[in-house]
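Take a look at the letters that make up each chain.
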Amino acid sequence: MSIEHLRFPCFLGRRAHLGVTGSVAAYKAIELLRLLKSAQIEVGVTLTGSARRFVGEASFQALGASTVDTELFASDDDPFAHLTPSRSAQALVIAPATADIIAKLACGIADDMLSTQALAFRGPIIIAPAMNPNMWTAPATQSNWRTLLDRGVIPAGPDAGLVACGDTGGGRLCPVEHIFAYVLRALSPKDLAGKNVLITLGPTREPWDAVRYLSNPSSGLMGACLAMSAWMRGANVHVVAGPTEFSFPPEVNVAHVQTAEEMHSAASDLFSASDIACCTAAVADFRPIPPEGGSTRKLKKREMNADDLVIRLQPNPDILRSLGATKHAGQRLIGFAAETENLLASAKLKLTEKHLDLIVANRVGVAGSGFASATNIVTVLDRTGRVEQWPELPKPEVAWRVWDLLPHL
Ligand code: C5P
């Protein structure tokens with residue numbers, strides 16, 4: 001699964017503490033550590049006794065954990081190691097979390113290193129349960145879980161599905177990239193708290209017959225980065241996505257669409273309740289007029305004569321323009337402009353014609369920018385006439401900087 005939309009480069013120097021408990025899913029904590037380290041987050045790790053039956057300290061040390069604690073009284077050098085996370089980490093994540101650690105946290109039991117560290121921890125605590133469905137649905141576990149949620153613990157899952165013992169039901173560890181996203185969110189500023197943000201992203205697919213369509217190579221990465229960073233910074237995010245591969249945590253509401261007309265209808269429905277809308281989708285400007293008898297079946301080669309081999313097009317709605325036409329004073333509207341020539345002049349024209357507050361213009365067809373590229377080279381123009389040219393930046397960083405501009409719009 002792609003995690004390119006989670007590669008935010010702004011967590012250098014931040015610290016998280018990772019607690020691992022005894023579940024078959026413990027091996028996934030190694031991947032979580034790798035993701036956290038790739039975001040330049042410093043990570044201390046604590047393994048419970050039963051976690052060590054599944055995974056070893058050496059794996060976590062080799063992947064760059066700053067410390068790996070196992071026993072409450074193991075260190076002669078530091079008698080206060082049980083307080084280190086509460087003094088130095090800005091988030092505690094327990095993944096996977098067994099019924100046992102959930103019960104201990106609910107009751108305030110501190111009888112090993114992890115439960116003691118957790119009891120002392122005052123920052124955000126993210127818990128990703130993983131256990132057999134009967135253990136998950138047991139009244140004791142459910143009651144303990146509700147206690148933790150009432151105290152403000154951040155739940156990461158669990159999902160439902162097939163678990164390691166062969167049973168199916170609740171209690172499956174949620175995807176590691178979602179747990180990673182929750183940690184990033186816990187470490188992010190909350191300057192978009194309370195804002196409703198709408199993002200359109202990806203290409204649209206315009207059918208010609210039942211199996212053929214017109215589209216473009218947009219990956220949706222820029223929009224996915226904007227959606228994730230808005231969510232991490234506290235916004236309530238709605239995404240209207242054309243066909244793309246990104247996975248979002250369940251709090252990010254995603255409406256999947258295929259065509260421009262479907263995207264238009266979904267975005268229009270959501271816009272009136274949005275404070276900010278950001279249209280990054282590479283919407284097909286035209287859609288084929290299906291040939292006679294062609295919209296519900298595949299047209300056969302042998303049925304077609306040369307005169308039929310012309311695709312006739314009709315215009316699609318311009319979603320951004322129609323949102324701009326109904327925008328009220330408190331709303332902010334952000335557009336993107338991909339151009340091969342006259343970049344600034346065209347972007348300026350779109351800014352005024354579509355009633356935008358900000359437009360992010362990038363040249364397509366050059367290295368390091370545009371469709372399906374990991375980076376973008378953009379110029380941002382706002383409605384007050386301010387123009388900023390940014391260097392080549394990873395798309396997550398472009399997204400982060402766009403939200404930084406919001407108070408100035
Ligand atoms: O006019 P142009 O297509 O270059 O404008 C690009 C901007 O308009 C992008 O923000 C894109 O998401 C949006 N757009 C749209 N609906 C269309 C065409 C473009 O929302 N049909």
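This text follows the structure it describes.
As the structure is a computational prediction, the values presented were derived from the model and not from experiment.

(A) Layout of the nonpolar core. With 81 residues, the main nonpolar core has Val20, Val45, Phe60, Val237, Ile334 and Trp403 as its most contacted residues. Of the domains in this structure, domain 1 (13-186) and domain 2 (196-408) are the two that each give at least three residues to this core. In this structure Val20 touches Ala26, Ala29, Val45, Thr46, Leu47, Thr48, Ala51, Val55, Phe60, Ala95, Pro96 and Leu114, once residues within four positions along its chain are discounted. Counting residues in hydrophobic clusters, the runner-up holds 22 residues, among them Val240, Ile319, Leu323 and Ala347.

(B) Geometry of the pattern of salt bridges. Throughout the structure, instances matching the rule amount to 20 salt bridges. Taking the shortest distance from any N to any O, the salt bridge between Glu261 and Arg287 comes out at 3.2 Å. Here Glu261, found in helix 10 (residues 260-271), pairs with Arg287, found in strand 15 (residues 286-288); they are 26 residues apart in sequence, far enough to count as distant. A residue is classified by how much of its surface remains accessible, and Glu261, at 41% relative accessible area, is partly exposed. Lys350 is the salt-bridge partner of Glu339, the closest N and O atoms lying 2.3 Å from each other. Highlighted residues: Glu339 in strand 17 (residues 332-339) and Lys350 in helix 12 (residues 343-353), separated in sequence by 11 residues. Residue classification places Glu339 among the buried positions, given a relative accessible area of 13%. Because the salt bridges share partners, they merge into one network encompassing Asp100, Lys104, Asp111 and Asp112.

(C) Up close: the environment of Leu221. Checked against the element boundaries, Leu221 lands in helix 9 (residues 221-232). Placed 153 residues apart in sequence, Leu221 and Ala374 show a C-alpha to C-alpha distance of 7.8 Å.

(D) The arrangement of the packing of helix 4 (residues 99-107) against helix 7 (residues 139-150) in detail. Where helix 4 contacts helix 7, the two axes come as close as 9 Å, and the packing angle between them is 55°. Judged on the interaxial angle alone, helix 7 and helix 4 are oblique. When the axes of helix 4 and helix 7 are compared, the crossing they make is left-handed. Of the residues in helix 7, those touching helix 4 at Ala99, Ile102, Ala103, Leu105 and Ala106 are Thr141, Asn144, Trp145, Thr147 and Leu148. Within the contact of helix 4 with helix 7, the residues separate by chemical class into 7 nonpolar, 3 polar and no charged.

(E) Inspection of helix 9 at higher detail. Here helix 9 contains 12 residues, and its C-alpha end-to-end distance of 16 Å stays within 8% of the 16 Å for a straight helix at 1.5 Å per residue. Buried within helix 9 are the following residues: Leu221, Met222, Gly223, Ala224, Cys225, Leu226, Ala227, Met228, Ser229, Ala230, Trp231 and Met232. At the C-terminal side of helix 9, Gly234 shows a positive phi close to 105°.

Conventions used here
- Residues numbered from 1 in each chain as written.
- Predicted model: local features only at pLDDT ≥ 70, side-chain atom pairs only at ≥ 80, totals over all residues.
- Heavy atoms only, no water.
- Core = buried A, V, L, I, M, F, W, Y, C linked by side-chain atoms within 4.5 Å.
- Buried < 20%, exposed > 50% of the residue type's maximum accessible area, 1.4 Å probe, protein only.
- Domains from an automatic or database assignment.
- Contact = heavy atoms within 4.5 Å.
- Salt bridge = Lys/Arg side-chain N within 4 Å of Asp/Glu carboxyl O.
- Helix = DSSP H or I, 4+ residues; strand = E, 2+ residues; numbered from the N terminus.
- Axes fitted to C-alpha atoms, helices over the stretch in contact; angles between N-to-C directions.
- Parallel < 35°, antiparallel > 145°, perpendicular 65-115°, else oblique.
- Left-handed = near helix turned anticlockwise from the far one by under 90°.
- Nonpolar A, V, L, I, M, F, W, Y, C, P; charged D, E, K, R; others polar.
- Expected span 1.5 Å × (residues − 1).

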